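# Structural overview
One-letter residues, chain by chain:
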Amino acid sequence: MSVTQDDVRRIARLARIAEPADRLDSLTNELNGILDWVEQLNEVDVTGVEPMTTPVQTPLPLRADEITDGGKRDDILANAPKAEEGFFVVPKSVE
Amino acid sequence: MTEFTQLSLFDVLEGLEKKDFSAVEVAEATVKAAEAAQGALNCFTFIDGDKAKEMAQVSDARRAKGEAGALDGAPIAIKDLFGVYDVETTASSNILKGFKPRYESTVTQKLWDAGAVFFGKTSMDEFAMGSSNETAATGPVVNPWRAKGSDEKLVPGGSSGGSAAALAAGISYGATGTDTGGSIRQPAAFTGLVGAKPTYGRCSRWGVVAFASSLDHPGPFGKTVKDTALLTQVMSGHDPKDSTSYPGAVPDMVSAVSRGVKGLKIGIPKEYRVDGMPSAIDALWEKGAQWLKEQGAEIVEISLPMTKYALPAYYIIAPAEASSNLARYDGMRFGQRVEGEDLIDTYEKTRAQGFGNEVQRRILIGTYVLSAGYYDAYYLKALKVRRKILEDFNAAFEGVDAILTPTTPSAAFGIGSKADADPIEMYLNDIFTVTANIAGIPAMSVPAGLDKNGLPLGLQVITKALDEETMFAVGGALEHAAGFTAKPEQWWG
């Protein structure tokens, strides 16, 4: 499987990164280099092998469904690029 | 006058207890050394002399009352990936410029609770993606070590390169790092330090900027194995705020350091002998095995046939998780925003300008391998190979107590020397370290010798999950035999 410059444009769009126009050629080559290199995983027979999602098996912890945190509006807004009157200010997203 | 930069963590704690000096004196000396070195080494993103003095005063008062904690009065350098309350935390990225968390990471909170003194944050590869600390938004970090007769600037390794450079320069008494593919152990090896990555889940990830959540391991750098054991012990423990945090008790890692290796079986995996590896590394590895044998361990040849697949699997899993984790940097709630024509344009401009090239490359790879039609072929496949790698280790640990390998396939290299190389060449730095992240098992690097240019080399000890004690016992035995006392000749600040 190899990627084309159009694929890289499409992936960048999916990743919400502005089209890297000046690096499109080199990025396409680099991505293909990495993808070719990981192809070697196809040598491994993984028939019947369960995918591994966590290194150390521990039971998923449960806790009582109680409020343990909150009331931190100002803390949460403290790092906002734009905030007004207790709200985040964002570009218009609904017409 | 005490040469503060020469002291180990245990030395400084002993000196404080004996009132040879105060925590304020230690903090002032540390800040002075940090400020003097910064111009040449560029290892800090932030130095805070006032906070250091304030915490040191409180520490002195606590010690006077006989209530000193395990690290009381010792300044510890903090990698810029750990959230420290109201202190700029950028992950060495422009996208987080100005971000001051209103929370404290669990690991740093544990350090402060034990009395450690904050004095500054250390540079790193942007979002911990790199092996040379050249991708930091604040520029490359310089290794205090230089080759004999050369003034070429070398990398300190990465991603925790600022922590490694600072501690190797004698600044502070321990440092935090994070290790996703080798980011503590590789810089430790490049700078003549000890670096440990405990079992996945031992140290909470809460409050640490995420890179690849199933592979991210917080851990420490120390000047000695015992220093490193104490730091690991303090940083470990169950944290309800991290659902992958290990709920069991933390073992006594400090006592384990002097336990010895008599009767232990040490595995030497033949797959870690790679083409083009300098003969000095091979020789050091053999010497390491000999040292352990002389102290009563039995050396056993073992095979870990899946080794060569660990790095390619990593370069699917880590970018996949990173592309998901880094989706949060959208310029809306925190971090930098670059205004665009509309919402999507704002997202795209913010991320294109905020992330550096290596981070963008990995986000793109991750987005691709998770995209419709490719998920099974890449991501799911890599997760299955991941289990095969873990099974390799599990089978090996049926017959041996620990595994000994080199930490890196080379010594520190020149800044910029890999700039035109294929990205994969840089990735290969982690070839020996990444396997322990894939399997989530404890691993540490111990400085063991110098190459012909006078640059430090490390040996790696790997043990089974949750067995940090054996790791520190073997590390202690290696340190004892190696007698590694070399320090970089001071040319900075």
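Shown above is the structure to which this text applies.
Residues numbered from 1 in each chain as written. Chains lettered and ligands numbered in written order. Predicted model: local features only at pLDDT ≥ 70, side-chain atom pairs only at ≥ 80, totals over all residues.

The number of helices and strands found in chain A is three helices and two strands. Going from N to C terminus, chain A has its helices and strands arranged as α-α-α-β-β. On C-alpha atoms alone, chain A measures out to a radius of gyration of 23 Å, which is more than a quarter above the 12 Å that the 2.2 N^0.38 rule sets for 95 residues. Judged by the C-alpha coordinates and their principal axes, chain A covers about 55 × 45 × 25 Å. Within the span of chain A, comprising 95 residues, buried residues form 15% of the whole. (Helix = DSSP H or I, 4+ residues; strand = E, 2+ residues; numbered from the N terminus. Rg over C-alpha atoms; globule rule 2.2 N^0.38 Å. Buried ≥ 20, exposed ≤ 12 C-beta atoms within 10 Å, placed from the backbone.)

With that settled, the discussion passes to the overall build of chain B. Along its length, chain B carries 16 helices and 11 strands. For 493 residues, the compact-globule formula gives about 23 Å, and the C-alpha radius of gyration of chain B, at 21 Å, lands near that figure. For chain B, the spread of C-alpha atoms along the three principal axes comes to 65 × 55 × 50 Å. Here chain B holds 493 residues, and 60% of them are scored as buried. Restricting to contacts in chain B with at least 6 residues of sequence separation, those with at least 24 account for 76%. (Contact = placed C-beta atoms within 7 Å.)

Turning to the pairing of strand β8 (residues 298-302) of chain B, a few remarks are in order. Residues and elements named next belong to chain B. In this sheet, β8 lies alongside strand β7 (residues 265-269) in parallel orientation, the contact comprising five bridges. Bridge pairing in β8 places P269 opposite I302. Read as a crossover between parallel neighbours, the route from β7 over helix α9 (residues 279-294) to β8 is right-handed. (Pairing = 2+ DSSP bridges. Right-handed = clockwise from strand over helix to strand, strands pointing away.)

Quick look at the interface of chain B and chain A now. Contacts between the two partners involve 55 residues from chain B, matched on the other side by 42 residues from chain A. Looking at the side of chain B that touches chain A, the elements that each hand over two or more residues are α10 (310-325), α11 (343-354), α12 (357-370), α13 (375-399) and α14 (423-427) of chain B. If you tally residues by element for the side of chain B that touches chain A, the top one is α13(B), at 10 residues. For the side of chain B that touches chain A, the class distribution of residues is 27 nonpolar, 13 polar and 15 charged. (Nonpolar A, V, L, I, M, F, W, Y, C, P; charged D, E, K, R; others polar.)

Looking now at the pairing of strand β3 (residues 117-122) of chain B. All names here are of chain B. Within β3, six of the six residues are buried, leaving the element largely enclosed by the surrounding structure. Here strand β2 (residues 75-79) runs beside β3; their pairing, made up of four bridges, is parallel. Looking at the pairing, I78 lines up with K121 of β3. In the classification by handedness, the crossover that spans β2, the intervening helix α4 (residues 106-113) and the parallel β3 is right-handed.

Take α9(B) next. Residue and element names in this part refer to chain B. In this model, α9 (16 residues) spans 22 Å end to end at C-alpha, consistent with the 22 Å of a helix rising 1.5 Å per residue. Elements in contact with the buried residues of α9: β7, β8, β9 (402-406), β10 (443-450), β11 (456-463) and α16 (468-482). In the stretch just after α9, G296 is the one whose phi turns positive, near 100 degrees. (Expected span 1.5 Å × (residues − 1).)

Residues and elements named next belong to chain B. Residue position: K65 is located in the loop between α3 (49-64) and β2. For K65, a count of 8 C-beta atoms within 10 Å gives the class exposed. Along the chain, K65 and A164 lie 99 residues apart, while their C-alpha atoms are 34 Å from each other.

As a further point, take the environment of B:L326. All names here are of chain B. For L326, the position within the fold is in the loop between α10 and α11. Through-space distance from the C-alpha of L326 to that of F211 is 7.6 Å; in sequence the pair is 115 residues apart. Setting aside chain neighbours within four positions, we find L326 in contact with F127 and I363.

Once that is clear, we can look at α16(B). Residues and elements named next belong to chain B. The terminal C-alpha atoms of α16 lie 21 Å apart, and with 15 residues this matches the ideal 21 Å at 1.5 Å per residue to within 8%. Every buried residue of α16 is listed here: E468, M471, F472, A473, V474, G475, G476, A477, L478 and E479. Two residues or fewer past α16, G483 is found with a positive phi of approximately 55 degrees.

Residues and elements named next belong to chain B. Two elements in contact, α10 and α12, have axes whose closest approach is 7 Å; the angle formed by their N-to-C orientations is 95 degrees. In terms of orientation, α10 and α12 fall into the roughly perpendicular class. Residues I316, P319, A320, A322 and S323 of α10 touch α12, and the partners they reach there are R362, I363, I365, G366, T367, V369 and L370. Residues that form the contact of α10 with α12 fall into these classes: eight nonpolar, three polar and one charged. (Axes fitted to C-alpha atoms, helices over the stretch in contact; angles between N-to-C directions. Parallel < 35°, antiparallel > 145°, perpendicular 65-115°, else oblique.)

Let us now look at the environment of B:F10. Residues and elements named next belong to chain B. By secondary structure assignment, the location of F10 is in helix α1 (residues 9-17). The sequence separation of F10 and D227 amounts to 217 residues, and the corresponding C-alpha distance is 6.4 Å. Contacts of F10, omitting those with residues within four sequence positions, involve K226 and D227.

Residues and elements named next belong to chain B. Following G158, the chain continues to S159 via a peptide bond in cis, the omega torsion being 10 degrees. Tracing the sequence through the fold places S159 in the loop between β3 and α5 (161-168). In this structure, K19 is a non-glycine residue whose phi angle is positive, near 60 degrees. Mapped onto the elements of the fold, K19 is located in the loop between α1 and α2 (23-41). Residue K19 is classed as exposed on the basis of its 10 C-beta neighbours within 10 Å.

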